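Next come the chains, spelled out residue by residue.
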Amino acid sequence: MSGAPASAAGGTGRRPAPGAKLGAAAVNQASLWNIANILTMIRLVLVPGFVMLLLADGGYDPVWRALAWAAFAVAMITDIFDGHLARTYNLVTDFGKIADPIADKAIMGSALVCLSWLGDLPWWVTGVILGRELGITLMRFWVIRYGVIPASRGGKLKTLAQGTAVGMYVLALTGPLATLRFWVMAVAVVLTVVTGLDYIRQAVVLRRAGLAAELAAR
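Overview of the structure. Within every chain, residues take consecutive numbers counted from 1 along the sequence as written. In keeping with the predicted nature of the model, local features appear solely for residues at pLDDT of at least 70, side-chain atom pairs appear and are counted solely at 80 or more, and the whole-chain, interface and lining totals rest on all residues. Only hydrogens and water are removed before side-chain values are computed, so all heavy atoms of the structure are retained for them.

## What to know about the overall build of the protein chain
And step 1. Secondary structure summary: the protein chain contains seven helices and zero strands in total.
And step 2. Along its sequence from the N terminus, the protein chain presents helices and strands in the succession α-α-α-α-α-α-α.
And step 3. Here the term buried applies to any residue with accessible area under 20% of the maximum for its type, exposed to any over 50%, and partly exposed to those in between, with areas from a 1.4 Å probe on protein chains only. Burial status across the protein chain gives 33% buried among its 218 residues.
And step 4. By definition, residues are in contact when any of their heavy atoms lie within 4.5 Å. Looking at the protein chain alone, contacts between residues at least 24 apart form 75% of all its contacts between residues at least 6 apart.
And step 5. Computed with the Shrake-Rupley method and a 1.4 Å probe, the accessible areas treat only the protein chains shown as cover for residues. As presented, the protein chain carries roughly 13,500 Å² of accessible surface, and 71% of it is formed by carbon and sulfur atoms. Helix numbering and strand numbering both begin at the N terminus, where a helix is a DSSP run of H or I of at least 4 residues and a strand a DSSP run of E of at least 2.

## Some words on the packing of aromatic side chains
And step 1. Stacked, tilted and edge-to-face are the three classes applied to pairs of Phe, Tyr and Trp rings, where Trp contributes its six-membered ring and a pair requires centres within 6.5 Å; stacked means planes under 30 degrees apart, edge-to-face means over 60, and tilted covers the rest. Taken as a whole, this structure holds two aromatic pairs when the rule is applied.
And step 2. A centroid spacing of 5.7 Å and a plane angle of 40° characterise the contact between Phe-50 and Phe-72, whose relative ring orientation is tilted. Taken together, the residues Phe-50 in helix H2 (residues 35-55) and Phe-72 in helix H3 (residues 62-88) connect sequence positions 22 residues apart.
And step 3. A cation over a ring is seen here: Arg-181 above Tyr-169, with NZ or CZ 4.5 Å from the ring centre. Any Lys NZ or Arg CZ found within 6 Å of a ring centre and within 35 degrees of that ring's normal is scored as a charge over the ring.

## Overview of the pattern of salt bridges
And step 1. Only one rule defines a salt bridge in this text: a Lys or Arg side-chain nitrogen within 4 Å of an Asp or Glu carboxyl oxygen. For the coordinates displayed, the defined rule picks out eight salt bridges.
And step 2. In this structure, Asp-79 engages Arg-43 in a salt bridge whose closest nitrogen and oxygen atoms are separated by 3.7 Å. Taken as a pair, Asp-79 in helix H3 and Arg-43 in helix H2 lie far apart in primary sequence, 36 residues in all.
And step 3. Using a relative accessible area of 0% as the deciding quantity, one classes Arg-43 as buried.

## Re the environment of Phe-182
And step 1. Assignment of secondary structure puts Phe-182 in helix H7 (residues 176-217).
And step 2. Residues Phe-182 and Tyr-169, spaced 13 residues apart in sequence, show a C-alpha to C-alpha distance of 8.5 Å.

## What to know about the packing of helix H4 (residues 94-117) against helix H6 (residues 153-170)
And step 1. At their nearest, the axes of H4 and H6 sit 11 Å apart, and the two run at 40° to each other. Viewed along their axes, H4 and H6 adopt a mutual orientation that is oblique. In terms of crossing hand, the pair formed by H4 and H6 is left-handed. Contact residues: H4 offers Met-108, Ala-111, Leu-112 and Leu-115, while H6 offers Gln-162, Gly-163, Val-166, Tyr-169 and Val-170.
And step 2. Throughout this entry, Asp, Glu, Lys and Arg are counted as charged residues, while Ala, Val, Leu, Ile, Met, Phe, Trp, Tyr, Cys and Pro are counted as nonpolar. The remaining residues, Gly among them, count as polar. Of the residues in the contact of H4 with H6, the class split is seven nonpolar, two polar and no charged. Lines fitted to C-alpha atoms define the axes, with helix axes restricted to the stretch in contact, and inter-axis angles between N-to-C directions lie between 0 and 180 degrees. Orientation is classified from the angle alone, with under 35 degrees giving roughly parallel, over 145 giving roughly antiparallel, 65 to 115 giving roughly perpendicular, and any other angle giving oblique. Two helices that cross are described as forming a left-handed crossing if the nearer one is turned anticlockwise from the farther one by less than a right angle, and a right-handed crossing if clockwise.

## Comments concerning the side chain of Asn-34
And step 1. Topologically, Asn-34 is positioned in the loop between helix H1 (20-30) and H2.
And step 2. In protein, a polar contact means a hydrogen-donor-capable atom and an acceptor-capable atom, both N or O and within 3.5 Å, with residues adjacent in sequence counting only if both atoms are side-chain atoms; elsewhere, any N or O pair within 3.5 Å suffices. Of the polar contacts made by the side chain of Asn-34, one reaches the backbone nitrogen of Ala-36; its length is 3.0 Å.
And step 3. Reaching out from Asn-34, the side chain makes a polar contact with the backbone nitrogen of Asn-37 at a distance of 2.9 Å.
And step 4. Setting aside chain neighbours within four positions, we find Asn-34 in contact with Leu-91 and Thr-93.

## Structural notes on the nonpolar core
And step 1. Among the buried residues, those of types Ala, Val, Leu, Ile, Met, Phe, Trp, Tyr and Cys that are joined through side-chain atoms within 4.5 Å form a nonpolar core. Phe-50, Phe-72, Val-166 and Met-185 are the most contacted members of the largest nonpolar core, which totals 30 residues.
And step 2. Secondary-structure elements contributing two or more residues to this core are H2, H3, H4, helix H5 (123-143), H6 and H7.
And step 3. With residues up to four places along the chain from it excluded, the contact list for Phe-72 reads Phe-50, Ile-107, Met-108, Ala-111, Gly-163, Val-166 and Gly-167.

## A short note on H6
And step 1. A helix is expected to reach a length of 1.5 Å times the quantity of its residues less one. The first and last C-alpha atoms of H6 sit 26 Å apart over 18 residues, in line with the 26 Å expected at 1.5 Å per residue.
And step 2. Here H6 has its buried residues at Gly-155, Lys-158, Ala-161, Gln-162, Gly-163, Ala-165, Val-166, Gly-167, Met-168, Tyr-169 and Val-170.
And step 3. Where H6 is buried, its residues touch H2, H3, H4, H5 and H7.

## Topic: H2
And step 1. For H2, which comprises 21 residues, the first-to-last C-alpha distance of 30 Å matches the rise-based estimate of 30 Å (1.5 Å per residue) to within 8%.
And step 2. What is called the bend at a residue is the angle between a pair of axes, fitted to the seven residues leading up to and ending at it and to the seven starting from it. Of all the bends in H2, the greatest, near 30°, is centred on Val-47, and the proline Pro-48 appears no more than four residues after it.
And step 3. Of all the residues in H2, the buried ones are Ala-36, Asn-37, Leu-39, Thr-40, Arg-43, Leu-46, Val-47, Phe-50 and Leu-54.
And step 4. The secondary structure elements touched by the buried residues of H2 are H3, H4 and H6.
And step 5. Two to three positions downstream of the cap, the backbone nitrogen of Ala-36 sits 3.0 Å from a side-chain oxygen, assigning the N-cap of H2 to Asn-34.

Here you go:
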């Protein structure tokens, strides 16, 4: 026995109240409901609503397309803020780590597939963008034991270009604006390919360095 009072040892000398464990569990559960996760959940909920608005009345009504664009814009804005808030205010959770990339790919993927299905966007463009995103996701799992490759400036530009281009295609634009969106999408596709190749290069370098370190440690 140490002879120290129970209070000095961090206790009170009494058994925990019956509801103490339940209270702690409630606090842990409530931590999931932070502003960053709520924004991510809003983005997930917006996906089916966005699809219904985009395809309403055959998918070619300018009013419905404008409403679909508004839903897409809100999703893109929440994507910017939820990650920033999570990092700034230490609101990162396991749910957010899983749900955030799912929400990102769900809104972008649904927009690309719907636009191609409507004939507004070539299927090869959708294939290149979605193929890149799927490939990079698999690449992350391939090298995750050796480290994490941080988001590059090119990757951020790629995301901005994709969001801008897809948003312009969602709107029923005509004339010069329709021509402009073609070139914005062309820039987005180029950035998608270039940043994807750069990510592969970094992943290979990271994996080689990790394997070399493992061999040296043996």
